[in-house]
Amino acid sequence: MQAFPQTPQVRTLLLTDLVDSTQLVERLGDTAAAELFRAHDRMVLDLQQRWRGRLIDRSDGLLLLFERPIDALGFALDYVRGLRDLGRERQLKQPLQARAGLHVGEVLVWENSPDAVRLGAKSLEVEGLAKPLAGRLMALARPGQILLSATAEPLAHRAARELGERGELLVWKSYGRWRFKGVPEAQEVFEVGEPGLAPLRMPSHTPKAWRDLPLWRRPVALAAEALLVAGIALSGWFLTRPQPAIAFNERDWVVVGDLRNLTGDPRLDDALEQAFRISLEQSRYVNVLSDLKVRDTLGRMQRKPDDRVDRNLGSEIALRDGARAVLLPTVAEVGGRLRVSAEVIDPHTQTTVYAVSADGRGVESALGSIDTVTDQLREKLGEAMQNVQKTSVPLPNVATPSLDALKAFAVARNVVNTTADREQALGLYRRALQLDPQFALAHADMARVHASLGEVALAAAEWRKALQFPQRLSPQERQWIELMLLQHDAVDAYFRKADEYLALYPDDFAVMSRLSSNQWHQRNDFRATEAWARRGAVPQSERMASASYTLGIALLGQDKIPQALAAFRKAREGGFLGAGEMYARAYDALGQPQASDKTYFASTGGRNGWQGDAGVVTWIDRGDWRKAGEVARAWRQAMSEANDVAELVRAQASLATLATLDGGADGATARRSLGATLDARAEELAAVYPPAVIELRLYAGLLAAYAGDRAGVDTALEATRGSPILRDYPTVSELQQVVLAEQSRLDGKPQAAVARLAPLARQDTALVAVHWALMRAAAASGNQASAAAEARWLATRRGRVFAESTTTDVLRFFNAAVSRQALDDARESGKQSSR
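Please read these numbers as outputs of a predicted model, since none were measured by experiment.

Looking at the overall build of the protein
Along the protein, the regular secondary structure elements total 39 helices and 15 strands. Relative to the 2.2 N^0.38 estimate, which gives 28 Å for 835 residues, the radius of gyration of the protein is 31 Å and therefore close to what a compact globule would have. With the principal axes as the frame, the protein shows a C-alpha extent of 100 × 85 × 60 Å. Across the 835 residues that make up the protein, the buried fraction comes to 53%.

Some words on the nonpolar core
Membership of the largest hydrophobic core comes to 237 residues, with the highest contact counts inside it found for Leu 73, Phe 75, Tyr 79, Phe 439 and Leu 702. When residues of this core are assigned to their parent elements, the largest contribution, 11 residues, is made by helix α31 (residues 692–706). The residues contacting Phe 75, other than those within four sequence positions of it, are Leu 14, Val 44, Leu 47, Gln 48, Trp 51, Leu 62, Leu 64 and Phe 66. By size, the runner-up hydrophobic cluster in this structure holds 12 residues, among which are Leu 124, Val 126, Ala 130 and Met 138.

Side note on the pattern of salt bridges
Close approach of charged atoms lets side chains of opposite charge pair. This structure, assessed with the given rule, holds 63 salt bridges. Its salt-bridge partner being Glu 343, residue Arg 311 comes within 3.0 Å of it at the nearest N-O pair. On the criterion of sequence distance, the pair formed by Arg 311 in helix α11 (residues 311–321) and Glu 343 in strand β14 (residues 337–346) is long-range, its members being 32 residues apart. When its relative accessible area of 25% is taken as the criterion, Arg 311 is described as partly exposed. Put simply, Arg 448 and Glu 477 hold a salt bridge, and the shortest N to O gap is 3.2 Å. Of this pair, Arg 448 sits in helix α17 (residues 440–452) while Glu 477 sits in helix α19 (residues 475–486), and the two are 29 residues apart along the sequence. With a relative accessible area of 14%, Glu 477 lands in the buried category.

Some points on the pairing of strand β13 (residues 325–334)
Along β13, 8 of the 10 residues are buried, which leaves the element largely enclosed by surrounding structure. The pairing of strand β10 (residues 253–256) with β13 spans 3 bridges and is parallel. By the bridge assignment for β13, Val 256 is matched with Leu 327. Bridge count for strand β11 (residues 260–261) against β13 is 2 bridges, and the pairing is parallel.

With respect to the packing of helix α32 (residues 710–720) against helix α34 (residues 730–746)
The N-to-C vectors of α32 and α34 enclose an angle of 145°; their axes lie 10 Å apart at closest approach. Both α32 and α34 take part in a crossing whose hand is left-handed. Two secondary-structure elements touch here, α32 through Arg 710, Val 713, Asp 714 and Leu 717 and α34 through Gln 736, Val 739, Leu 740, Gln 743 and Leu 746. Of the residues contributing to the contact of α32 with α34, the split by class is 5 nonpolar, 2 polar and 2 charged.

Quick notes on the pairing of strand β7 (residues 171–180)
Where β7 lies against strand β8 (residues 187–193), 6 bridges are found, and the strand directions are antiparallel. Looking at the pairing, Ser 174 lines up with Phe 190 of β8. Between β7 and β8, which pair antiparallel one after the other, the connecting turn spans 6 residues, and Gly 182 there sits at a positive phi close to 85°. Here β7 pairs with strand β9 (residues 209–211) via 3 bridges, running antiparallel.

Some words on helix α10 (residues 291–300)
Along α10, the residues classified as buried are Lys 293, Val 294, Arg 295, Thr 297 and Leu 298. Considering only its buried residues, α10 is in contact with α9 (268–280), α11 and α15 (403–418). Among the residues trailing α10, Gln 302 stands out with phi positive, at a value near 60°.

Some words on helix α12 (residues 366–380)
With 15 residues, α12 should cover 21 Å at 1.5 Å per step; its first-to-last C-alpha distance of 21 Å lies within 8% of that length. Within α12, the full set of buried residues consists of Ala 366, Leu 367, Ser 369, Ile 370, Asp 371, Val 373, Thr 374, Leu 377 and Arg 378. With its phi angle positive at about 115°, Gly 382 sits one or two positions after the end of α12.

Concerning the side chain of Thr 677
As for its placement among the helices and strands, Thr 677 is situated in helix α30 (residues 667–688). For Thr 677, a relative accessible area of 16% translates into the label buried. When residues no more than four places from it in sequence are discounted, the contact partners of Thr 677 are Val 649 and Gln 652.

Quick notes on the packing of helix α29 (residues 645–661) against α30
Any two packed helices are characterised by how steeply their axes cross, that is the angle between the axes, and by the distance between the axes. Running from amino to carboxyl end, α29 crosses α30 at an angle of 160°, the nearest separation of the two axes being 9 Å. When the axes of α29 and α30 are compared, the pair comes out roughly antiparallel. Read as a crossing pair, α29 and α30 show a hand that is left-handed. The segment α29 lies against α30, with Val 645, Ala 646, Leu 648, Val 649, Gln 652, Ala 653, Leu 655, Ala 656, Ala 659 and Thr 660 engaging Gly 667, Ala 670, Arg 671, Ser 673, Leu 674, Thr 677, Leu 678, Arg 681, Glu 684, Leu 685 and Val 688. Of the residues belonging to the contact of α29 with α30, the class tally is 13 nonpolar, 5 polar and 3 charged.

Here we look at the packing of aromatic side chains
Scanning the entire structure with this criterion turns up 20 aromatic pairs. Put simply, the rings of Tyr 549, Phe 568, Phe 576, Tyr 583 and Tyr 587 pair up and form one aromatic cluster. One Lys or Arg, Arg 448, reaches over the ring of Trp 480 and ends 4.1 Å from the middle of that ring. The ring of Trp 619 has Lys 627 sitting right over it, with the charged end atom 4.4 Å from the ring centre.

Things to note about the environment of Thr 206
Considering the arrangement of structural elements, one finds Thr 206 in the loop between β8 and β9. Residue classification places Thr 206 among the partly exposed positions, given a relative accessible area of 30%. For the pair Thr 206 and Leu 140, spaced 66 residues apart in sequence, the C-alpha to C-alpha distance is 7.2 Å.

Section: the environment of Leu 403
One can find Leu 403 in helix α15. Once the C-alpha coordinates of Leu 403 and Ala 275 are considered, the two residues, 128 residues apart in sequence, prove to be 9.6 Å apart. Sequence-distant contacts of Leu 403, that is, excluding residues within four places in its chain, are made with Leu 268, Ala 271, Leu 272, Val 363 and Leu 367.

Quick notes on unusual backbone geometry
Of all residues except glycine, most have a negative phi; of all peptide bonds, most are trans. One non-glycine residue, Arg 251, lies in the positive phi region at around 75°. Tracing the backbone through its elements, the reader meets Arg 251 in the loop between α8 (219–236) and β10. A relative accessible area of 37% means that Arg 251 is categorised as partly exposed. Of note in the backbone geometry, Gln 350 takes a positive phi value of approximately 60° without being a glycine. Positionally, Gln 350 belongs in the loop between β14 and β15 (351–360).

Digging into the confidence of the model for the protein
Put simply, the protein has an average pLDDT of 87, and 93% of its residues get 70 or more. Here residues 220–224 scores under 50 on pLDDT; set against residues more than four positions off or in separate chains, the count is 2 contacts. Segment residues 227–244 is flagged for pLDDT under 50; beyond a separation of four residues in sequence, or across chains, it makes 3 contacts in the model.

Considerations on the environment of Ser 365
Checked against the element boundaries, Ser 365 lands in the loop between β15 and α12. For Ser 365, a relative accessible area of 16% corresponds to the buried category. Leaving out residues up to four positions away in the same chain, Ser 365 has contacts with Leu 338 and Gly 360.

What counts, and where the lines are drawn
- Residues numbered from 1 in each chain as written.
- Predicted model: local features only at pLDDT ≥ 70, side-chain atom pairs only at ≥ 80, totals over all residues.
- Heavy atoms only, no water.
- Helix = DSSP H or I, 4+ residues; strand = E, 2+ residues; numbered from the N terminus.
- Rg over C-alpha atoms; globule rule 2.2 N^0.38 Å.
- Buried < 20%, exposed > 50% of the residue type's maximum accessible area, 1.4 Å probe, protein only.
- Core = buried A, V, L, I, M, F, W, Y, C linked by side-chain atoms within 4.5 Å.
- Contact = heavy atoms within 4.5 Å.
- Salt bridge = Lys/Arg side-chain N within 4 Å of Asp/Glu carboxyl O.
- Pairing = 2+ DSSP bridges.
- Axes fitted to C-alpha atoms, helices over the stretch in contact; angles between N-to-C directions.
- Left-handed = near helix turned anticlockwise from the far one by under 90°.
- Nonpolar A, V, L, I, M, F, W, Y, C, P; charged D, E, K, R; others polar.
- Expected span 1.5 Å × (residues − 1).
- Parallel < 35°, antiparallel > 145°, perpendicular 65-115°, else oblique.
- Phe/Tyr/Trp six-rings, centres within 6.5 Å; stacked < 30°, edge-to-face > 60°.
- Lys NZ or Arg CZ within 6 Å of the ring centre and 35° of its normal.
- pLDDT = per-residue confidence, 0-100.

The following block contains the structure:
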């Protein structure tokens, strides 16, 4: 029996074709050609294993399937180089070359039965629209050229650093948009290659592929069409008038104006406007400016958030935010029937380009009519009809068939976007669920509310409830919920899923913002954080200002302080006044405490001065341990009264840090107190955030190592041994490696500690504690040069010290202390040298 596919999977396809293979066999003869192809096949097998590819088919070329675009690219690069070397070894007169096409998309994958394989079938079958597009790219490529689709290029480009030094030398080129025979939409084509190996030249036109040039770039066609148009215009001038037009391309943006309800039925006011958005947002061709973004732009225009977005105001918003069109929906009673219509407005002229409508009987027909209208709009704006049909789920299915439930849902969203009143919004969503218990989007929105307030467990429960009704979710919403559930359960799986999601929905700024933040919080990968933040810091994003702030953090973490300050200033100018600590830390990194204070106190988080964890870090960094202790004790007291277990334990960790690193006699007592608190409240803390307990126990072990308390180190390692958190959370796993290294050093085995830490320290994402522990291990092993190098790192990488993040962020206390000590030591050494 054959195992037929159930659902499409997002995979990377690589197709290659050996150039002039038939002529090659004729030139070499059968025997020599067979030997060459055997060597070729051995090379392919080796590359498959190296780059984790699966060979699906082969003849004169190869069809391979990969999980990640960077693996496919690594295979293609090595294959091109390997062919060249193979040709040289055989002393072929002509270079041995291949064409390659690389694309990421949905495919169906299934296994053929053993009987079918015995009869000559392939063991694995792959089909889907992604396959012919990869084939078109391969056919377009010049000999030795690797062409990528617009879906594959950003994913591969972003991960190119995984290729090591070679990845930094690659050349990436865009050759604009191309039309392929049999592919309905124009596709942007990219090349990547190594200088000296790759052609790095634009491909030539073929009968099946040609550049999508505007008319003015095609002079011959322009002249011919001009004559034709002139003739038609002269003969038909008095019979017809030209209709207005609008230039709209895939992934362009639209502003949805406020719905005009001319029926007098108040149920239709908010409900149908929300329904119109939900229906249109299913398109991967048309991007809809979010309601939050529209409100943000109204604020910058000094307009009220609830001002009606009509033709004039919608056009102004569109011009400000780079949207191509304004859509104005209307519902009215016409001839006893309910008519839903929508106009497409050119924001430059405010003229109606075209209008579409659908009629039905009674208010029950409204949702079906909205589907019809949005489908027509998508087709009018240039989306292929088969894509419209493929990606559209009827509104009664994807939202709710109940207008009353939809009304409650729409009002709840309005509350979230305006007042952020938690209880009112959740109450309205619950009302929607009473009216329609299978309203999956209501569960998803409730999860968003909980997640925004840090209520992780409640958010996860609502997302899981939404997934119980998969037929009531659009494909995008379903994938988004699955992605959200992964971020706290399996970090590596989350990042893989995020790459897949953004390959399909590249303009989802909410996911982009969360991904850039998670690259920082969960990996300290400041380069990746920077890349995603830059993609999100665009005018169409309602998170543009916060994306600029995240960009500032990413630059701070790379010690690009002037650029970080510029990004922070842009965020503040854009209205982001929230978390101002990292903005202030840029000045701390420059040794400008007064500027740091001024910056922090101007943010909403700093209006009460340096308090909580930010205050502890500040006074440690400034060498005032007494003030740091006062702030830490006040923080612990406030969190105890609020019964906030997570913050209470973090405050306890800050007190243990101060007692241990200040060298006081009460360090051991403070560490025992931290351990007792963890023992008493571990279950409660794990329910709030699963990795917190493991990280805090390891942190206690780190403090014990600092104090030379071998028993405390052993206790921490034993308490965390075998925890799945160590597998799923990179920063926690790395902290364990630091504590293990310190255990070796305390055992008199500093070389073992160096061997454990040195590979970690070479990575840009390494924890500050890795460099501190390596400094101690190197010094203990007699390698003073290495110890001095790590001390310089601690003293000079001040931005990185402040920007580092872990699951509970307790390491920031330790980081500030050891960096300040290294900086003071460097200054003292400099003074002694100058004497």
